[in-house]
Amino acid sequence: QSLTYSPNGRRLAYIAARGKQKYCVVNGERGRDYDSITAPLLFSPDSRRIAFVASKGAREFVVVDGIEGEAFDLVLQPLTWSPSSHDVAYVGLQGGDEYAVIGGLKGLAFDRMLQPVTFSPDGRHTGYLVRKDNREFAVIDGSPQADFDAIKSSLSFSADSRHTGYVALDSGRQTAVIDGSVQGS
């Protein structure tokens, strides 16, 4: 159903079925049975690891290297690997709340993800944008930042991974937010 080569072209993965059960095959090795597997199958940048969304019953979870993560009502795509291939990030929906999951650790509940998890170029830092209680804010390395009426741009990391920035709107004033500090209007 879904054929995926690793970035280095040396590994091949696909989704197969036997009866109603689905399983992932990586380089000829058959994985566990699931009720469903949702494409795409995602190899890590170094081609050594693989992640995908699977389900059993009404619960979905991410499988990384054959290990099932926490189950949610729904796992929202995309899955994102860190540049170092160490962590995978995604969003899980549970009971109306969304949660960022990074490296298997579930973050704080929020109403809606505005920007999927972004890894810094060196893979050591994470950031994403969310809405909670009609306010929007960034979450940097798991810590919520100042909230605003709206965030008007993507969250970016500097090339050296030391700085973050985005544009926010509050009380009719548009401002740049650099490293968590409002820069002006």
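So, here's what we can say about the structure.

### Regarding the overall build of the protein
Across its full length, the protein holds zero helices and 21 strands. Summarising its shape, the C-alpha atoms of the protein cover approximately 60 × 35 × 25 Å along the three principal directions. Going through the 185 residues of the protein one by one, you find that 40% of them count as buried. Sequence separation of at least 24 residues holds for 26% of the intrachain contacts in the protein that already meet a minimum separation of 6.

### Re the packing of aromatic side chains
Per the counting criterion, the structure on display carries five aromatic pairs. Look at Phe-148 and Tyr-166: their rings are 6.4 Å apart centre to centre, the planes differ by 80°, and that puts the pair in the edge-to-face class. Residue Phe-148 is found in strand β16 (residues 143-148), and its partner Tyr-166 is found in strand β19 (residues 164-170); the two are separated by 18 residues along the sequence. Overall, Phe-148 belongs to the buried group, its relative accessible area being 5%. Overall, the relative accessible area of 4% leaves Tyr-166 in the buried class. Among the aromatic residues, those joined into a ring-pair cluster are Tyr-34, Phe-52 and Phe-61. In this arrangement the basic side chain of Lys-106 is found over the ring face of Tyr-99, its NZ or CZ atom lying 4.5 Å from the centre.

### Section: a nonpolar patch on the surface
The grouping of Leu-3, Tyr-5 and Tyr-14 at the surface amounts to a nonpolar patch, some 340 Å² of accessible area in total. You can see Tyr-5 is positioned in strand β1 (residues 3-5). What makes Tyr-5 exposed here is its relative accessible area of 54%.

### Points about the sheet that holds β1
Pairing within the open sheet is antiparallel, and its four strands lie in the order β1-β2-β3-β4. Either end of the sheet is taken by a strand with one partner, and the two such strands are β1 and β4 (29-30). Judged from the six bridges that link them, strand β2 (residues 12-18) and strand β3 (residues 21-26) form a sheet pairing that is antiparallel. In the strand pairing of β3, Arg-18 is matched with Gln-21.

Conventions we followed
- Residues numbered from 1 in each chain as written.
- Predicted model: local features only at pLDDT ≥ 70, side-chain atom pairs only at ≥ 80, totals over all residues.
- Heavy atoms only, no water.
- Helix = DSSP H or I, 4+ residues; strand = E, 2+ residues; numbered from the N terminus.
- Buried < 20%, exposed > 50% of the residue type's maximum accessible area, 1.4 Å probe, protein only.
- Contact = heavy atoms within 4.5 Å.
- Phe/Tyr/Trp six-rings, centres within 6.5 Å; stacked < 30°, edge-to-face > 60°.
- Lys NZ or Arg CZ within 6 Å of the ring centre and 35° of its normal.
- Patch = residues over 30% accessible without salt bridge, like charges linked within 9 Å, V, L, I, M, F, W, Y side chains within 5 Å.
- Areas by Shrake-Rupley, 256 points an atom, 1.4 Å probe, with all protein chains shown as cover.
- Salt bridge = Lys/Arg side-chain N within 4 Å of Asp/Glu carboxyl O.
- Pairing = 2+ DSSP bridges.

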